[in-house]
Amino acid sequence: MTRHAHRLPRWQRRSLYVAGAALLASGVLWLVLHYSAAAGELPHPLEAWAMRLHGLASFAALFMLGVLAAAHVPQGWRLTGRQRRAGQRGTGLALCILGALLALTGYLLYYFASESVRPALGWLHSAVGIAAGAGLAFHQRRKSRETRMN
Ligand code: HEM
Ligand code: HEM
């Protein structure tokens, strides 16, 4: 097995990064608009646009998680049975769990959040989202360190 044998096809890697970057950017923009000191009585008009972009990017991201579930995850799981790549199994599994939590908390935010639970649920959802972004960077950084060691 060569060290690049488990690289994602370029369209998958790019689509995942574009969707992930759009989710983070639109989520953080919404938080800044909503909670900044400059926020007035009425919601900032850009808040709705930030969520429209966020909703679009979240469908794309869930589609990409489905694409990865078909090949990357099962192949990666077999590959990481070996000691040397065991770390990637842990971070990969964490990414799957964080993705599921994002879908669940996003769904609750959209359909069930009453005004009293919404702020806490929104912060929880955002913290999971930021952790997933960091987790993705870490999932790959191990790979580049390993590549340098080879
Ligand atoms: C249990 C689940 C998973 C396992 C076992 C796993 C395993 C791996 C392995 C072994 C690599 C290294 C490839 C190499 O050395 O070239 C890798 C790369 C990568 N993984 Fe995962 N992974 C999992 C889940 C995920 C998930 C859920 C995502 C996305 C949210 C993801 C995104 C990536 C990306 C972007 C790369 C870099 C690919 C590239 O450079 O082309 N993985 N994964
Ligand atoms: C797969 C990933 C994600 C999915 C499926 C997802 C889904 C959703 C959904 C469905 C909503 C509700 C939209 C609405 O009420 O109009 C939402 C809101 C939100 N999301 Fe995400 N999201 C994801 C990632 C992220 C990330 C990475 C962040 C990073 C900061 C984030 C931050 C937010 C914020 C701040 C809100 C508004 C919270 C509120 O209304 O109180 N999301 N998300």
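Residues numbered from 1 in each chain as written. Chains lettered and ligands numbered in written order. Predicted model: local features only at pLDDT ≥ 70, side-chain atom pairs only at ≥ 80, totals over all residues.

**So, the overall build of the protein chain**
And then number 1: What the protein chain contains, in helices and strands, is five helices and zero strands.
And then number 2: Relative to all contacts within the protein chain whose residues are 6 or more apart in sequence, the contacts with residues 24 or more apart total 68%. (Helix = DSSP H or I, 4+ residues; strand = E, 2+ residues; numbered from the N terminus. Contact = placed C-beta atoms within 7 Å.)

**Concerning the site of ligand 2**
And then number 1: The environment of ligand 2 is formed by 25 residues, the closest being G27, S58, G106, G122 and G129.
And then number 2: At the level of secondary structure, the elements contributing two or more residues to the shell around ligand 2 comprise α1 (10-35), α2 (45-70), α4 (86-111) and α5 (118-149).
And then number 3: Examining the composition of the shell around ligand 2, we find that seven residues originate from one element, α5, more than from any other.
And then number 4: Both domains that furnish three or more residues to the shell around ligand 2 are identified here as domain 1 (7-57) and domain 2 (71-150). (Near = placed C-beta within 6 Å. Domains from an automatic or database assignment.)

**Side note on the nonpolar core**
And then number 1: Core analysis: the largest hydrophobic core is formed by five residues, namely A19, L23, A57, A61 and M64.
And then number 2: For this core, the secondary structure elements donating two or more residues are α1 and α2.
And then number 3: When neighbours within four sequence positions are excluded, M64 is seen to be in contact with Q12, S15, L16 and A19. (Core = buried A, V, L, I, M, F, W, Y, C linked by C-beta atoms within 7 Å. Buried ≥ 20, exposed ≤ 12 C-beta atoms within 10 Å, placed from the backbone.)

**A look at the site of ligand 1**
And then number 1: In the vicinity of ligand 1 there are 26 residues, among which H6, R7, G76, G92 and L95 approach most closely.
And then number 2: Mapped onto the shell around ligand 1, the elements with two or more residues apiece are α1, α3 (72-79), α4 and α5.
And then number 3: If one sorts the elements of the shell around ligand 1 by residue count, α4 sits on top with seven residues.
And then number 4: Class assignment for the residues of the shell around ligand 1 results in ten nonpolar, ten polar and six charged. (Nonpolar A, V, L, I, M, F, W, Y, C, P; charged D, E, K, R; others polar.)

**Section: the environment of W77**
And then number 1: Of note, W77 is situated in helix α3.
And then number 2: Each C-alpha atom of the pair W77 and L93 lies 9.1 Å from the other, and the pair is 16 residues apart in sequence.

**Re α1**
And then number 1: Taking 1.5 Å of rise per residue, 26 residues should cover 38 Å, and α1 covers 37 Å from first to last C-alpha, within 8% of that figure.
And then number 2: Along α1, the positions that sit buried rather than exposed are A19, L23, S26, G27 and W30. (Expected span 1.5 Å × (residues − 1).)

**Remarks on the confidence of the model for the protein chain**
And then number 1: Predicted confidence across the protein chain gives a mean pLDDT of 89, with 89% of residues reaching 70 or more.
And then number 2: Residue range residues 143-150 is modelled with pLDDT below 50. Its contacts to residues more than four positions away, or to other chains, number three contacts. (pLDDT = per-residue confidence, 0-100.)

**A word on the environment of L121**
And then number 1: Among the secondary structure elements, L121 is positioned in helix α5.
And then number 2: Look at L121 and you get partly exposed, because 17 C-beta atoms sit within 10 Å.
And then number 3: Residues L121 and L109 lie twelve residues apart in sequence; the distance between their C-alpha atoms is 7.0 Å.
And then number 4: Excluding residues within four positions of it along the chain, L121 makes contact with T105, L108, L109 and A113.

**Things to note about the environment of R13**
And then number 1: Secondary-structure assignment places R13 in helix α1.
And then number 2: Spatially, the C-alpha atom of R13 lies 9.2 Å from that of M64, the residues being 51 residues apart in sequence.

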